[in-house]
Amino acid sequence: MKRPLEPSAEARGRIVGITDGVFAIALTLIVLEIRVPSHETVHSESELLAAVLALAPRFLTYALSFLTLTIFWFGQQAQHSLIAKSDRRLATLNLCFLAFVALLPFSTDLLADFLEFRVAVLVYWLNLLMLGVTLFASWWYADRNGMLAEDVDTETRRTVYQRIVKAQILWAIGAAFCVVTPLLSIAFILLAQLVYAAALRGSLLRKIIG
């Protein structure tokens, strides 16, 4: 009889399933905060244009969080492809990661409403930090407890650690820029995410072509 904490491929499959669901919900929730202007407040072309322009902070934070979720989804999927089995402890670490994925719509909405406040930027960055910490912890636990696939070599293990750490360093630098101005901080984080997403896409293409 299989013990509850005994690693299994079935447990890994359940983690993959719930992960996709949580990410899908989070991606939906962040766009729901961009609301169409009320018809009662718009009576001309210029008023509609002004109302749409007023939504600029929400479009900005939507793009920011869409990239965040995309990067972490790809990262989580990459880990899942390298992990052969899971147990209850690894599942718990993954659920902690998903808890911070589910929290991202809140930190996104807070940032959109208080774009000029440093506290809003720091709350958003803390959300990113905890996503990275829990993702790192999940990979570390799987690596240390023999749950990786047999063909995962040392270089691949090290690459996964490095990608998580590098991303967190970039986001920490971006958060530090809020000392100057929150908008500079947001611009840096967005640029870092664009570069990181492009690099991730390039590596995936090379993997497919190769």
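This report concerns the structure included in the present document. No experiment lies behind these values; they were computed from the predicted model shown.

Here we look at the overall build of the protein
Within the protein one finds seven helices and zero strands. When the helices and strands of the protein are read in sequence order from the N terminus, they spell out α-α-α-α-α-α-α. By residue count, 38% of the 210 residues in the protein fall in the buried class. Intrachain contacts of the protein at a sequence separation of at least 6 include 79% that bridge at least 24 residues. Total accessible area on the protein is roughly 12000 Å²; 69% of this is exposed by carbon and sulfur atoms.

Quick notes on the nonpolar core
Membership of the largest hydrophobic core comes to 42 residues, with the highest contact counts inside it found for Phe72, Phe97, Val101, Leu111 and Trp171. Counting residues per element, the ones that place at least two in this core are helix H1 (9-32), helix H3 (56-82), helix H4 (88-113), helix H5 (118-144), helix H6 (154-176) and helix H7 (182-209).

Here's the deal with the packing of H3 against H5
The contact between H3 and H5 brings their axes to 11 Å, and the two run at 5 degrees. By the criterion of interaxial angle, the relationship of H3 to H5 is roughly parallel. Judged by residue contacts, Leu64, Ser65, Thr68, Phe72, Gln76, Gln79 and Leu82 of H3 engage Tyr124, Leu128, Leu131, Gly132, Leu135, Ser138 and Trp139 from H5. Tallied by class, residues from the contact of H3 with H5 come to eight nonpolar, six polar and no charged.

Re the side chain of Gln79
With respect to the helices and strands, the residue Gln79 is situated in helix H3. On the basis of relative accessibility, which here comes to 3%, the residue Gln79 falls in the buried class. If near-sequence neighbours (up to four positions away) are discounted, Gln79 is found in contact with Leu135, Ser138, Trp139, Val160 and Ile164.

Considering a nonpolar patch on the surface
Nonpolar side chains collect at one region of the surface, where Ile25, Leu29, Val31 and Leu32 lie side by side and expose about 340 Å² of accessible area between them. Considering the arrangement of structural elements, one finds Leu29 in helix H1.

Considerations on a negative patch on the surface
Together, Glu150, Asp151, Asp153 and Glu155 line one region of the surface with negative charge. Among the structural elements, Asp151 can be located in the loop between H5 and H6.

Points about the pattern of salt bridges
Using the criterion set out here, one finds four salt bridges in the structure. Arg58 serves as the salt-bridge partner of Asp113, at 2.4 Å between the closest nitrogen and oxygen. Of this pair, Asp113 sits in helix H4 while Arg58 sits in helix H3, and the two are 55 residues apart along the sequence. What makes Arg58 buried here is its relative accessible area of 17%. Beyond isolated ion pairs, a larger network of salt bridges with shared partners links Arg58, Asp109 and Asp113.

Thresholds, definitions, all that
- Residues numbered from 1 in each chain as written.
- Predicted model: local features only at pLDDT ≥ 70, side-chain atom pairs only at ≥ 80, totals over all residues.
- Heavy atoms only, no water.
- Helix = DSSP H or I, 4+ residues; strand = E, 2+ residues; numbered from the N terminus.
- Buried < 20%, exposed > 50% of the residue type's maximum accessible area, 1.4 Å probe, protein only.
- Contact = heavy atoms within 4.5 Å.
- Areas by Shrake-Rupley, 256 points an atom, 1.4 Å probe, with all protein chains shown as cover.
- Core = buried A, V, L, I, M, F, W, Y, C linked by side-chain atoms within 4.5 Å.
- Axes fitted to C-alpha atoms, helices over the stretch in contact; angles between N-to-C directions.
- Parallel < 35°, antiparallel > 145°, perpendicular 65-115°, else oblique.
- Nonpolar A, V, L, I, M, F, W, Y, C, P; charged D, E, K, R; others polar.
- Patch = residues over 30% accessible without salt bridge, like charges linked within 9 Å, V, L, I, M, F, W, Y side chains within 5 Å.
- Salt bridge = Lys/Arg side-chain N within 4 Å of Asp/Glu carboxyl O.
- Lys, Arg positive; Asp, Glu negative; His and termini not counted.
- Charge placed at Lys NZ, Arg CZ, Asp CG, Glu CD.

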